[in-house]
Amino acid sequence: MRDLGVKVIKNTDEGMVVAGYTFIWGGKDLDGDYFTKETDLWEDRITEYPPVLYHHGQDSQIKKSVIGSVISKRIDDVGLWIEAQIDRASQYYDSIAEMVSTGLLGWSSGSGPHLANVATDGQILSWPWIESSLTPTPAEPRTIG
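Reference entry: report on the structure contained in this document. Here the structure is a predicted model, which means the values were calculated and not measured. (Residues numbered from 1 in each chain as written. Predicted model: local features only at pLDDT ≥ 70, side-chain atom pairs only at ≥ 80, totals over all residues. Heavy atoms only, no water.)

## Comments concerning the overall build of the protein
Okay, so step 1: Secondary structure assignment for the protein yields one helix and nine strands.
Okay, so step 2: In sequence order, the secondary structure elements of the protein are arranged as β-β-β-β-β-α-β-β-β-β.
Okay, so step 3: A compact globule built from 145 residues would reach a C-alpha radius of gyration of about 15 Å, and the protein, at 14 Å, matches this within 12%.
Okay, so step 4: By principal-axis analysis of the C-alpha atoms, the protein measures approximately 45 × 35 × 25 Å.
Okay, so step 5: Residue burial in the protein is summarised as follows: out of 145 residues, 46% are buried.
Okay, so step 6: Taking the intrachain contacts of the protein between residues at least 6 apart in sequence as the baseline, contacts between residues at least 24 apart amount to 65%.
Okay, so step 7: Carbon and sulfur atoms make up 50% of the accessible area of the protein, which amounts to about 7400 Å² in all.
Okay, so step 8: Each charge sign in the protein was given a centre, from 12 positive and 21 negative side chains, and these centres are 1 Å apart. (Helix = DSSP H or I, 4+ residues; strand = E, 2+ residues; numbered from the N terminus. Rg over C-alpha atoms; globule rule 2.2 N^0.38 Å. Buried < 20%, exposed > 50% of the residue type's maximum accessible area, 1.4 Å probe, protein only. Contact = heavy atoms within 4.5 Å. Areas by Shrake-Rupley, 256 points an atom, 1.4 Å probe, with all protein chains shown as cover. Lys, Arg positive; Asp, Glu negative; His and termini not counted. Charge placed at Lys NZ, Arg CZ, Asp CG, Glu CD.)

Dropping the structure here:
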């Protein structure tokens, strides 16, 4: 089985580059939803390279701090693989780096719920991708490192 989880792929002077699948095609997540290659991510209408947050900005300490940004991506038969630069200048860098390195975080994508469209069977038809988050509780557990 292919490793789908978040991993550090490079350390740089600016921080670390982490990679993994932020979207995995097929297979229902913990909410009973699933993405396909046909899911409209609105990349042509919002941004091609979204910011990276920790836990969708819901952590009481880190809050909505941007900790990095997506720097590259590719679509394959498994899903949408991203690479993101996590900024060393972030005051939370050391904690995030430790959690990624020990396999405690997974990718999760954020959207505007009023713009998302999910079919009754859980297929996500439209998901305006506005951010990717490193989180200990992704809806898609296959993204955990």
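Having seen the model, we can carry on.
## Topic: the packing of aromatic side chains
Okay, so step 1: Counted under the stated rule, the structure contains four aromatic pairs.
Okay, so step 2: On the numbers, 4.7 Å between centres and 80° between planes, the contact of Phe23 with Phe35 is edge-to-face. Of this pair, Phe23 sits in strand E2 (residues 15-24) while Phe35 sits in the loop between E2 and strand E3 (51-54), and the two are 12 residues apart along the sequence.
Okay, so step 3: Look at Phe35 and you get buried, because its relative accessible area is 10%. (Phe/Tyr/Trp six-rings, centres within 6.5 Å; stacked < 30°, edge-to-face > 60°.)

## Examining the side chain of Gln85
Okay, so step 1: Its location among the elements puts Gln85 in strand E5 (residues 79-87).
Okay, so step 2: A polar side-chain atom of Gln85 sits 3.4 Å from a polar atom in the side chain of Thr12.
Okay, so step 3: Contacts of Gln85, omitting those with residues within four sequence positions, involve Thr12, Glu14, Gly15, Met16, Val17, Ile67, Gly68, Ser69 and Ile71. (Polar contact = N/O pair within 3.5 Å; in protein donor to acceptor, adjacent residues only side chain to side chain.)

## Re unusual backbone geometry
Okay, so step 1: Backbone geometry places His56, a non-glycine residue, at a positive phi of 55°.
Okay, so step 2: Within the secondary structure layout, His56 lies in the loop between E3 and strand E4 (66-75).
Okay, so step 3: In this structure His56 comes out as partly exposed when scored by relative accessible area, which is 24%.

## Section: the sheet that holds E2
Okay, so step 1: The strand order across the open sheet built from seven strands is E1-E2-E5-E4-E3-E9-E6, with neighbouring strands paired in mixed fashion. Two strands lie at the open edges of the sheet, namely strand E1 (7-12) and strand E6 (106-111), each paired on one side alone. Taking each pair of neighbouring strands and ignoring which way they run, the sheet shows an average axis angle of 35°.
Okay, so step 2: Relative to E2, E1 runs antiparallel, the two sharing five bridges. Within E2, the residue paired with Lys7 across the bridge is Ala19. (Pairing = 2+ DSSP bridges. Axes fitted to C-alpha atoms, helices over the stretch in contact; angles between N-to-C directions.)

## Quick notes on helix H1 (residues 93-101)
Okay, so step 1: Listing the buried residues of H1 in full gives Tyr93, Ile96, Ala97 and Val100. Along H1, the residues classed as buried sweep out an arc of 100° about the axis, all on the same side. In H1, the exposed positions angled more than 90 degrees off the buried face are occupied by Asp94 and Glu98.
Okay, so step 2: Here the buried face of H1 lies against E1, E2, E3, E4, E5 and strand E9 (129-135).
Okay, so step 3: Of the residues one or two after H1, Gly103 is the one with positive phi, at around 75°. (Arc of directions from axis to C-beta.)

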